[in-house]
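Per-entry structural report
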Amino acid sequence: MRLLMSAVLLAATLVAAGGTGPAARAAAVPDNQTLWYEQPATDWETQSLPIGNGALGATVFGGVATEQLQVNEKTLWTGGPGSPGYDFGNWRSPRPGAIGDVKAQIDRDTRMTPEAVAARLGQGKTGFGSYQTFGDVWLDTGHGGATGYRRELSLSEAIARVRYTSGGVDYTREYFASFPGNVIVGRLTASQPGRVSFTLRTTSPRNDRQVSVSNGRLRIRGALADNGMRFEGQIQVLTSGGSRSDGGDRVTVSGADSAMFVMSMGTDYADTYPSYRGADPQARVTAAVDQAAARGFDALRQAHLADYRALNDRVRLDLGQGTPQVPTDRLRSAYTGGSSSDDRALEALFFAYGRYLLVSSSRSGSLPANLQGVWNNSTSPPWSADYHVNINLQMNYWPAEQTALPETVAPLTRYVQQLAAPGRRTAQEMFGSRGWVVHNETNPFGFTGVHNWATSFWFPEAAAWLCRHLYERYRFSGDRALLQSVYPAMREAALFWVDNLHTDPRDGRKVVSPSYSPEHGDFSAGAAMSQQIVADLFGNVLAAAAVLGTDEPEVRQALAALDRGLRVGSWGQLQEWKADWDSRTDDHRHVSHLYALHPGDAIQPGTAFAQAAKVSLTARGDGGTGWSKAWKINFWARLLDGDHAHKMLSEQLRTSTLANLWDTHPPFQIDGNFGATSGVAEMLLQSQHGVIHPAPAVPAAWPAGSVTGLRARGNVAVDVAWRGRAAERVTLRPGGPGTLRVRTPLSVLKDDTGAAVPYTRDGDTLTFTAQAGRTYTLTGSPGPCATAPADRPVVAWDPVSGTTVTDSSGNGRTATIVGSGGYSAGALLLNGSTYLTTAPTTLGLLPEATFAAQVRIAGSGYRRLFDSQPSGNPGDDGIIVDVTPSGHLRFIGAGRNITTDAALPTGRLIELVVTLGRTGVITVYVDGARAGGGQTGAGGIMGCATRPLRFAADQDGRQRLSGAVDRMAVLARALPAADVPRWKEIAFP
Ligand code: FUC
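Residues numbered from 1 in each chain as written. Predicted model: local features only at pLDDT ≥ 70, side-chain atom pairs only at ≥ 80, totals over all residues. Heavy atoms only, no water.

1. Some points on the domain arrangement of the protein
According to the domain assignment, the protein contains domain 1 (34-79 + 130-313), domain 2 (90-124 + 397-601) and domain 3 (793-987). The C-alpha centroid of domain 3 is placed 67 Å from the C-alpha centroid of domain 1. (Domains from an automatic or database assignment.)

2. What to know about the sheet that holds strand S31 (residues 776-779)
Here six strands make up an open sheet; going across it, the order is S17-S24-S25-S26-S31-S28 and the pairing antiparallel. Pairing within the sheet leaves two strands with one partner each, and these edge strands are strand S17 (316-318) and strand S28 (748-751). Here the strands of the sheet are splayed against their neighbours by 15° on average, with no regard to which way each runs. Bridge count between strand S24 (residues 704-712) and strand S25 (residues 716-723): seven bridges; the pairing is antiparallel. For Gly705, the partnering residue across the bridge sits in S25 and is Trp722. (Pairing = 2+ DSSP bridges. Helix = DSSP H or I, 4+ residues; strand = E, 2+ residues; numbered from the N terminus. Axes fitted to C-alpha atoms, helices over the stretch in contact; angles between N-to-C directions.)

3. Concerning the site of the ligand
All residues in the neighbourhood of the ligand are listed as Leu371, Trp383, His388, Asn390, Asn392, Glu519, Arg589, His590, Trp627, His665 and Gln669. Arg589 places a side-chain nitrogen or oxygen 2.9 Å from an oxygen atom of the ligand. Interatomic distance of 2.6 Å between a side-chain N/O atom of His590 and an oxygen atom of the ligand. The fraction of the free accessible surface of the ligand (290 Å²) that becomes covered by protein chains is 98%. (Near = heavy atom within 4 Å. Polar contact = N/O pair within 3.5 Å; in protein donor to acceptor, adjacent residues only side chain to side chain. Areas by Shrake-Rupley, 256 points an atom, 1.4 Å probe, with all protein chains shown as cover.)

4. Quick word on helix H20 (residues 671-684)
In this model H20 runs 20 Å from its N-terminal to its C-terminal C-alpha over 14 residues, within 8% of the 20 Å that 1.5 Å per residue would give. Most of H20 sits out of view: 14 of its 14 residues are buried. (Expected span 1.5 Å × (residues − 1). Buried < 20%, exposed > 50% of the residue type's maximum accessible area, 1.4 Å probe, protein only.)

5. Topic: unusual backbone geometry
Here the bond from Ser513 into Pro514 is cis, since omega is -5°, no more than 30 degrees from zero. At the junction of His665 and Pro666, the peptide bond is cis and its omega measures out at -10° in the coordinates. Counting through the fold element by element, Pro666 comes out in the loop between helix H19 (642-655) and H20. Its identity as a non-glycine residue notwithstanding, Phe88 has a phi of 60°, on the positive side.

6. A closer look at the packing of aromatic side chains
Scanning all chains against the criterion turns up 38 aromatic pairs. Ring centres of Trp44 and Phe668 lie 6.1 Å apart, and the angle between their planes is 65°; this geometry places the pair in the edge-to-face category. Taken together, the residues span a long stretch of sequence, with Trp44 in helix H3 (residues 44-47) and Phe668 in the loop between H19 and H20 at a distance of 624 residues. The interplanar angle of 15° and the centroid separation of 6.3 Å between the aromatic rings of Tyr149 and Tyr164 together place this pair among those described as stacked. Taken together, the positions of Tyr149 in strand S6 (residues 147-154) and Tyr164 in strand S7 (residues 159-166) put the pair 15 residues apart, joining distant regions of the chain. Each of the two residues, Tyr149 as well as Tyr164, counts as buried. (Phe/Tyr/Trp six-rings, centres within 6.5 Å; stacked < 30°, edge-to-face > 60°.)

Below you can see the structure in the form of structure tokens.
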């Protein structure tokens, strides 16, 4: 055996080498998928460059005289079983009635301070532990006087490199973390033979390990003092030419042509409750290092590239960016958030980096990505580098499905399933109920109970939120077997809530109590996020049950009685609590009450709740920690506001991103990287409402571009090319046969044989039947979209009561009434807060048109009548009909902004009719008689963009009309003067 081993090592030594070949030199040319720098890193947090394979991580400093690689193994944690007093966060002694008492007090007083609740329900944290650095690997080269220095991380290869010239020799080092081999690999080469010399040694900030060396293999072995967790690391050094010698704790290479090392690490952690211990890592680590050493550098690199590229290359984003000529730290510090090629290059790089970081920190076989992914240089990292589950762990996985990295979700899926066992015990012991639960933060050892930090100890909704990721895995893949396997965890999380919901004495609805909107305000009953999360879980469980051919009557009943947590408050905001407590000046980083907008899907754009969410989001402002800004990118994208989403992306890049492009809370926290990548994906493709929506929120800063390989729910790969905010070409590659719905004005649908594919259109959504294995392409716009039919109204509204107005045109443009003006004599009163809005819709091309309303005009300033145009845009996109401060009718559409000479009477109901003829003539009629007019362009109104149609407010909900309105209609033809008095009979036949 011994003989065989040295033969293997000898062979490996021979293949390990290789000079600076042409391929390596070519990669030195700047490209726009590489982070690069002109100095070594001197600071871990802000400058070092991360590589990783999920289980193992390393950060590269790139020093010249001394190279430093800080290394990690993701399961190396203090705390948990073996650590003194570890209790899983469960109450150490029973507290019968404690939760009931808090509920009762909240019923009585409506609120309780976090401190008061923590005093009753909290308990000091014991043995929670924290993620540990494994230590550092040092390569002492003794080089000095380097010129031509470059340190880089190629996102297209997942390889970090360092190059410089010293003493007339060009030196190159390359590092990657191989998932197939479970090793970190490094290679050192020089432009001249015999010039590679260095000493490799390791250090650790803890005094808990022994290091030994033989045959160029360094072994690190120890056990954490805190919990006895055993760990092992091995590094094999291999050379080509020269000599290699073992020191007591180091390996020295002298005069080699090239050298490489392979490193693996492991612990005896296992993810199984309650012991969380498994086999000694020695055999696994030895095997990984032996096998890698036997394979040699080229084969390892090839296998690494094949593995990484299979994931990475699925998605490509082109924002029309060039290749920056400045290093990445300068690219970032010069970034303005404008639309220069360099700004777009940084944005595209940041998007790609989020995917890179996820692939590098989350692969099957280890724990999910923690607050720092897999990278940590400390023995006491911020927040223990743990699993915060009131937003952070979830955010880590937001980009996974949309950007086609389902493999990275496997560790999360497994982790959540494994959490159910300790979570079940916490549900029984603390709540006396079925199901499972986990609170605000957790660790690798099933900490599902509580601690006593008042503003963050209580969040039993976390299990339900985590289950959203299990169900989304199914929605994106359509994989029924997978759904079957995760269903028990989902179902049990739901049963916990079936047992724990409380009847709210205020209205008899079922609420979560005690309920706490993360890290903010007082405890109460039925905070918006609690309700929205439970509703989301119940809905997902019922949908999953239907797919699996079963039913959950208990869940169905509970959902029917559940308060959904959606309320519009006194200043038009979405309420964060069931009582209207929101402050307009509150800019807290958590925007938890918008869960239903993102990551949930209960709020549809264009609805009154979406408008209220926008009011809340606007009040919270554009600041916040790194992850908070990242969340806001997603929110604005879901509100279909690409410019504001882009504004948040630029805020994050300018103020919450470090030189190595890690997100900073501060300090470094990786969730923001993932949240931003998700946000960009949400700007380019959405599918949360059963419809594939390409280019839903493209900002003006990205005038033209494309993305390939994004994923839509329903198992569809989607490519989108856009220009001027609108999709120009959409390619759909469904994974199986079925019905696809696409929100788009594009009108030419072909399959990959070039054959036209039949579809039906309902407003802005087209529906067709996809065959397995076919690719579908949508083109046919821009240019006019379908012409709106002239034989029936485009929209016809007659509000009579309630908060929705059915569109009697038959086009389904139902309006929601925002605000509450009430009714009088059959007319809807507009009190300055009231307006009507549809869901986003496409009006179609209107070569000629009529806008008519029975309306009472009051108030002052610009006051909107009909609105289907981005604010302040006098272009030919959409339409605005409004009243100017001087009381004249204004018409913005067909390419011009025309204030007519028609002065409108105020203070009484008038019959207002505005016609647009084919030559661009605008005529304004009041009570059947011509009151004035003007001339706009002759192209007609381009109603091809998708956005809400509104009456009495603009797209931001501003410029509101006050007064009253009875009937309103839009026709796709210009009524002749003789028909004007009959407009109501025509619009409401
Ligand atoms: C949540 C946030 C904090 C921080 C922590 C790790 O508790 O409120 O801002 O991100 O997680």
